[in-house]
Amino acid sequence: VSGLPAVSMNWVSPIVLDPAKNKDRQTTVLLKSSANSWLRTDPNIQPDLVQYPDRGFPVEGEMKSYPLAVVVQGTFESYFKGKPSPFIEPTPGAAQPGAAPTPTPTAGPAPDMGALSTSPASARLIVIGSGEFADDFVLQLSSRLVQDQILNNLQFVQNAVDWSVEDTDLLSIRSRGTYTRLLDPLTERQQTTWEMGNYLVALLALFLTGGLWYVRRRNEQPMELSPSSALVHAPATGD
């Protein structure tokens, strides 16, 4: 995410990391919301600017920053640890309803295709609070507002794939692209301060340029003329 100014997460849920389960793994928060975020349980996504002109939605609960995408690195236990291998076909009709099927080897000599119980220590897992940010329909809606939001989201997906397979060279190459940097929102007072500051700087620069030009003109010395150039030759006239 070093080359990304921002990522738009649509209808995302926060992620809670369990310290006890991840004590032997390395965890990193990739994306997080701003400090002005809160959780909502109402599925209505239509803003009400009449009743809530500032944000369009009522503030529910505590406003704080929430993790939205995390990375977990380390060893993971397989879902099939201590369970029958998914590569072995169960005996048809032998299991009772609701009972776990009894695994039986397939006919003929089959190679050893037992399921792995644990992953290698270099395994990487990227968890995102919602997959809607990369949905085609959502991206089409976002393209009508700001084009850069689509590019940032797609680049985040590409970076995640490259990083998960340890192809970090593509990350440095792709991050050289151009994009519009986002500015932090300003209050009305801050906007007025910056506007007046721009006018003041332009006015001071104008006075400084005029003062330097006046001092230079005042310090200029008159050009000395040579005696020969000072003589004026009048043309001879005769009757």
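Preceding block: the structure.
For the structure given in this document, a descriptive report is provided here. (Residues numbered from 1 in each chain as written. Predicted model: local features only at pLDDT ≥ 70, side-chain atom pairs only at ≥ 80, totals over all residues. Heavy atoms only, no water.)

A short note on the pattern of salt bridges
- Under the definition given, this model contains 3 salt bridges.
- Aspartate 42 is the salt-bridge partner of arginine 40, the closest N and O atoms lying 3.6 Å from each other.
- For glutamate 77, the salt bridge goes to lysine 81, with nearest N and O atoms at 3.4 Å.
- We classify glutamate 77 as exposed; its relative accessible area is 57%.
- For lysine 81, a relative accessible area of 42% puts it in the partly exposed group.
- Overlapping salt bridges, with partners in common, bring together Arg40, Asp42 and Glu60 in one network. (Salt bridge = Lys/Arg side-chain N within 4 Å of Asp/Glu carboxyl O. Buried < 20%, exposed > 50% of the residue type's maximum accessible area, 1.4 Å probe, protein only.)

Re the side chain of asparagine 22
- Counting through the fold element by element, asparagine 22 comes out in the segment before β1 (26–32).
- Looking at asparagine 22, its side chain comes within polar contact range of the main-chain oxygen of aspartate 18, at 2.9 Å.
- Ignoring any residue separated from it by four or fewer positions in sequence, one finds asparagine 22 in contact with Thr27 and Val72. (Helix = DSSP H or I, 4+ residues; strand = E, 2+ residues; numbered from the N terminus. Polar contact = N/O pair within 3.5 Å; in protein donor to acceptor, adjacent residues only side chain to side chain. Contact = heavy atoms within 4.5 Å.)

Looking at a nonpolar patch on the surface
- Side chains of Leu203, Leu206 and Phe207 sit close together on the surface and give an oily, nonpolar patch of about 350 Å² of accessible area.
- Note that leucine 203 resides in helix α4 (residues 188–219). (Patch = residues over 30% accessible without salt bridge, like charges linked within 9 Å, V, L, I, M, F, W, Y side chains within 5 Å. Areas by Shrake-Rupley, 256 points an atom, 1.4 Å probe, with all protein chains shown as cover.)

Geometry only, nothing functional implied.
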